[in-house]
Amino acid sequence: MTQIITKKQKRWMQNPFIQFFKFIYLNIKILIIVAGGHGGTRDKADS
Amino acid sequence: MAKIVVLGAGIAGHTAASELRRQLSKKHKVVVVSPNRNYQWVPSNIWVGIGKMKPKDIIFPLEPLYKRKGIEYVQAKAVSFHPEGDDTTQPYVNVEYVFGERKGEQEKVTYDYLINATGPKLAFDMTEGLKPGTNNAYSVCTYDHAQHASEALHALIEKAKTSEKKLKIVIGTGHPKATCQGAAFEYILNVEQELRHYGVRDKIDLKWLSNEPALGDFGMDGMVLSYNGKPMKSSEMVEMIFRDRGIDWVLEAGVNKVEEGLVHYENLKGEYKTEPFDFAMLIPAFSGHGFKAFDVDGNDVTPKLFKGFMVVDADYTSKPYEEWTVQDWPETYQNPSYPNIFAPGIAFAPPHSISKPRKSPNGTEIFPSPPRTGMPSGITAKLVADNIIDSIKAGHISLQHKGSLGNMGAACIASAGYGLMKGSGVSITTFPIVPDYKKYGETGGRNVKKTFGDIGLAGHWVKLALHYAFIYKAKMKPFWWLIPE
């Protein structure tokens, strides 16, 4: 069954105070994932 | 002294040129050849498309910046490639000036290293009747297209205020194999918010029309992501958002023709259908630029360099979907025939799509092509620049820096509405971009610890922060290089 966004969740999504902390969290998370490195895949496949 | 020529000044070309200039001494020459006089931060086109930003907010002229930084700039378009040179010169690219006194004039631009970052050609001509600004159909692929779309959207909003009849907006893909569903997804959510803002939401139906097999495929075969700490399919997440916003959808639709107020498409069942609209924004197919390449004797060697887009170190062997692996994807973006030529960003030919290929009973292929967004474009351009820098310093080709889309993360911060307090964004990160079904077989090819989704105001702030940060970086202001790609 399709999930819905409840009114409570909407209030959470638009609450500037909560979202400020979310903003910090998202930036850190994105930085870790994206700037956390990248590389090849073939050496690993061979090994 | 080495001369590096960069074709294109988009996210990939500009990133590569900036990095080369920063790390190489002035005795080495960096030349950028681009027909566009402005740099544009493409991800913010969406906001131009709803009138919340002006083109001047997302562009700046390249020439003064390049002059200040010691990068030579040629406002021209590439015409042909000559990777072996001719009797009198080293390898060169034939370019044609597109502006100023020398407009129409051709010139040989020689190089020691060539970075082809020409991006895609927006192939509107591959869909009959799809041309921005005609037949009530628009595009947000460039800032001028987006501005035009915004004007038409606001005219429709004015019309809706007095119209007795319910109007309809269709947004999605305009070709059976179009990509960039993410941009269309952002646009439909921003348009929806704009309609609410002007109090006409109940007077306009919104429909998503896409070649995806499921919502949230985004040309990446969809993903299982962590949402509120629980696993959720991207299809479920997008469906949840669309239901919340009252957006209807049609999937598996290969658009083949656009007439005034009517889009024609074929679906995967082989049925031919139409969808009426009063305003549409349809993403066109992307194609290569149709460049030709010639050897030292003038023989056509185009297949060595191009396969639509540029041939690089990918495995282009034709094989069924079940046998595709992440190892097929390139790591260094180097052309196998000419080791001093590279193609990062969107300019390289992908080995195959990421989404599963699908065909209608009539033989029409209907599925998204692989997306190539800003973040991987910047990362691949930087690694290409780093390899060239190492090669110049070492005196031989060095390929220490690698970055396969099968071992690289990306963040897609999709705007879902503009406004410092009323805005919203859908933040999605994915690792890796190309699913590795062998390594992450249990979780749809992705590492769920690094693949997550979030919805809310913070996402809008992140996208806005990225807008300012990346324009700052592109302008090469103090310590710009500390901002990662």
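Relevant structure appears above.
First, a word on scope: everything that follows refers to the structure included in this document. Since this is a predicted model, take the numbers as computed values, not measurements. Along each chain, numbering runs from 1 in the same order as the chain's sequence is written. Here chains are named by letter from A upward and ligands by number from 1 upward, in the order in which they appear as written. Given that the model is predicted, a residue must reach a pLDDT of at least 70 before its local features are reported, and side-chain atom pairs must reach 80 or more before they are shown or counted; all residues, however, enter totals for whole chains, interfaces and linings. As a rule here, side-chain values cover all heavy atoms of the structure and leave hydrogens and water aside.

**Some points on the nonpolar core**
When a protein is soluble and globular, its nonpolar side chains tend to lie buried together.
Residues and elements named next belong to chain B.
Here's step 1: What is meant by a nonpolar core is a set of buried Ala, Val, Leu, Ile, Met, Phe, Trp, Tyr and Cys residues, joined one to another through side-chain atoms within 4.5 Å. Any residue under 20% of the maximum accessible area for its type is buried, any over 50% is exposed, and the rest in between are partly exposed; the area is computed with a 1.4 Å probe on protein chains only. Core analysis: the biggest nonpolar cluster contains 149 residues, and Leu20, Phe81, Ile169, Phe185, Tyr187, Phe279 and Val426 have the highest contact counts within it.
Here's step 2: In DSSP terms, a helix is any run of H or I states spanning at least four residues, a strand is any run of E spanning at least two, and both are numbered starting from the N terminus. Of the residues forming this core, the biggest block, nine residues, is contributed by helix H9 (residues 374–394).
Here's step 3: Non-local contacts of Tyr187, meaning those with residues more than four positions away in its chain, are made with Ile46, Gly49, Ile50, Val140, Ala149, Leu153, Ile171, Phe279 and Met281.
Here's step 4: Core analysis: the second largest hydrophobic core is formed by 14 residues, Leu130, Val258, Phe277 and Leu282 among them. We call two residues contacting when some pair of their heavy atoms lies within 4.5 Å.

**Notes on the sheet that holds strand S19 (residues 272–276) of chain B**
Residues and elements named next belong to chain B.
Here's step 1: Note on pairing: two strands pair once DSSP finds at least 2 bridges between them. Across the sheet, three strands lie side by side as S17-S18-S19; this open sheet has antiparallel pairing. In this open sheet, the two edge strands, each paired with only one partner strand, are strand S17 (253–259) and S19. Neighbour to neighbour, the strand axes of the sheet diverge by 30° on average, direction disregarded.
Here's step 2: Looking at chain direction, strand S18 (residues 262–267) and S19 are connected through five bridges and run antiparallel. By the bridge assignment, Glu266 is partnered in S19 with Tyr272. Here the axes come from fitting lines to C-alpha atoms, over the contacting stretch only for helices, and the angles between their N-to-C directions go from 0 to 180 degrees.

**Quick notes on the layout of surface pockets**
Here's step 1: A cavity here means a set of points on a 1 Å grid, drawn over the protein atoms and nothing else, where a 1.4 Å probe fits but cannot get out; a pocket is an open set with protein on both sides within 12 Å along at least five of seven lines, and a residue lines either one if it has an atom within 4 Å of a point. Grid points are joined across faces, edges and corners, and a volume is the space filled by probe spheres set on the points. The calculated volume of the second largest pocket comes to roughly 500 Å³.
Here's step 2: Among the secondary structure elements, those contributing two or more residues to the lining of the second largest pocket are helix H1 (7–14) of chain A together with helix H6 (181–197), helix H7 (234–245) and strand S27 (424–430) of chain B.
Here's step 3: Counting residues per element, the lining of the second largest pocket draws most heavily on H6 of chain B, at five residues.
Here's step 4: Across the lining of the second largest pocket, the residue classes tally to seven nonpolar, four polar and eight charged. Gly falls in the polar group here, along with every residue not listed as nonpolar (Ala, Val, Leu, Ile, Met, Phe, Trp, Tyr, Cys, Pro) or charged (Asp, Glu, Lys, Arg).

**Quick notes on H7 of chain B**
Residue and element names in this part refer to chain B.
Here's step 1: One fewer than the residue count of a helix, multiplied by 1.5 Å, yields its expected span. Over its 12 residues, H7 extends 17 Å from the first C-alpha to the last, a length consistent with the 16 Å expected when each residue adds 1.5 Å.
Here's step 2: Along H7, the residues that are buried comprise Ser234, Met237, Val238, Glu239, Met240, Ile241, Phe242 and Arg245.
Here's step 3: One or two steps after H7, the chain reaches Gly246, where phi turns positive at roughly 70°.

**A short note on the pairing of strand S12 (residues 167–173) of chain B**
Residues and elements named next belong to chain B.
Here's step 1: Among the seven residues of S12, seven are classified as buried, and the element is accordingly described as predominantly covered.
Here's step 2: Where S12 meets strand S13 (residues 204–209), six bridges bridge the pair, whose relative direction is parallel. Residue pairing for S13: Ile169 is matched across the bridge by Leu206.
Here's step 3: By the criterion used throughout, a crossover qualifies as right-handed when its path from the first strand across the helix to the second strand runs clockwise, the strands pointing away from the viewer. Crossover connection from S12 via H6 to parallel S13: handedness right-handed.

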